[in-house]
Amino acid sequence: MNNRIEAIREAIRADTDRSVTATVLMQDFNGVDEWSVKTDLRDASWTAIHVATQRTIVSDGYNERIGEGHSKRPHPVASLIYPDSMFIWGGDQSDWHPTDAEDGDGFTVLVLRHRLDRSLLASITYDQELNLFSRFDSPTRLIHLRDAAVSR
C-alpha cells in the first residue's frame, strides 16, 4: 500500500478523542436513503436513524442492534466514520484495494480497484480538514457524508 494511503488510514485511526454527527446519504439499486448519524469515537459507539422511517440502528462498538436483531458486521451507514470496517484495504476479506491517492484542494481521493474484476474502479474521498472519509463511490453503491460536524 502506498505511504500516502497508509498515512491517511493511520491519521483517522489515531483521531479517536471526538464525536461526529452527520447526515449520510446512501444510494444503491434500491434507491436513495438518508440517515442521521451520531457517533462517539472514544468508545466506537454510534446511532443511526433513517430519516424517512425512523428505523434506528444502535452500536455499542462491538454489536449492532437493529430492532430486536443483532449483527457484528458494521452497517454501511457508519462505514465512512469507521473506515476500518470497510472492505477496501486489500487482503482476502476485501472487495477493493487502494491503488493510488490524488490530492485536491482540502481533500484526497483514493482510487480503488476491485479484487476480482480489476476493470472495476471505485473511489473514496478523504476530507483533510475533518480527518474523515466523506464519500465512497462504486459501481453499485454511493455513500456520502454530508453536513458533518466534529466535536472534541
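Because the structure is predicted, anything quoted here is derived from the model rather than measured.

A.B. asks: Explain the overall build of the chain to me, please; I cannot follow it from the model alone.
C.D. replies: When its secondary structure is counted, the chain shows one helix and eleven strands. Taken from N to C terminus, the helices and strands of the chain fall in the order α-β-β-β-β-β-β-β-β-β-β-β. At 15 Å, the chain has a C-alpha radius of gyration in line with the 15 Å of a compact globule built from 152 residues. In terms of its C-alpha atoms, the chain occupies a principal-axis envelope of roughly 40 × 35 × 25 Å. Within the chain, buried positions represent 39% of all 152 residues. Pairs at least 24 apart in sequence give 40% of the contacts found in the chain among residues at least 6 apart. For the chain, the accessible surface area stands at approximately 8400 Å², while carbon and sulfur atoms represent 47% of it. Placing the 17 positive and 24 negative side-chain charges of the chain at their respective mean positions leaves the two points 3 Å apart.

A.B. asks: It is not clear to me how the side chain of Asp15 should be interpreted in this structure. Could you clarify?
C.D. replies: Mapped onto the secondary structure, Asp15 falls in the loop between α1 (3–14) and β1 (19–28). Asp15 gets classed as buried once you look at its relative accessible area, which sits at 14%. Here the side chain of Asp15 touches Asn131 through a polar contact of 3.1 Å, side chain to side chain. For Asp15, the contacting residues outside a window of four places in its chain are Leu41, Asn131 and Arg152.

A.B. asks: Just checking my understanding: could you explain unusual backbone geometry for this structure?
C.D. replies: Leaving glycine out, the prevailing phi sign among residues is negative, and the prevailing peptide bond configuration is trans. Of note, the phi angle at Asn131 is positive, near 55°, even though the residue is not glycine. Tracing the sequence through the fold places Asn131 in the loop between β9 (121–127) and β10 (132–137). Judged by relative accessible area, Asn131 falls into the buried class, the value being 10%. Phi at Asp147 takes a positive value of approximately 55°, unusual for a residue other than glycine. Mapping Asp147 onto the fold places it in strand β11 (residues 142–151).

A.B. asks: Please clarify how the environment of His144 should be interpreted in this entry.
C.D. replies: With respect to the helices and strands, the residue His144 is situated in strand β11. Residue classification places His144 among the partly exposed positions, given a relative accessible area of 25%. Considered as a pair, His144 and Asp127 are 17 residues apart in the sequence and their alpha carbons are 12 Å apart. Aside from chain neighbours lying at most four places away, what touches His144 is Thr23, Val24, Leu25, Leu80, Ser134 and Arg135.

A.B. asks: Whenever I open this one, the environment of Ile12 confuses me. Can you help?
C.D. replies: Tracing the chain through its elements places Ile12 in helix α1. Sequence separation between Ile12 and Ile49 is 37 residues, and the spatial gap between their C-alpha atoms is 24 Å. Ignoring any residue separated from it by four or fewer positions in sequence, one finds Ile12 in contact with Arg18, Pro83, Tyr126, Asn131, Leu132 and Phe133.

Analysis parameters
- Residues numbered from 1 in each chain as written.
- Predicted model: local features only at pLDDT ≥ 70, side-chain atom pairs only at ≥ 80, totals over all residues.
- Heavy atoms only, no water.
- Helix = DSSP H or I, 4+ residues; strand = E, 2+ residues; numbered from the N terminus.
- Rg over C-alpha atoms; globule rule 2.2 N^0.38 Å.
- Buried < 20%, exposed > 50% of the residue type's maximum accessible area, 1.4 Å probe, protein only.
- Contact = heavy atoms within 4.5 Å.
- Areas by Shrake-Rupley, 256 points an atom, 1.4 Å probe, with all protein chains shown as cover.
- Lys, Arg positive; Asp, Glu negative; His and termini not counted.
- Charge placed at Lys NZ, Arg CZ, Asp CG, Glu CD.
- Polar contact = N/O pair within 3.5 Å; in protein donor to acceptor, adjacent residues only side chain to side chain.

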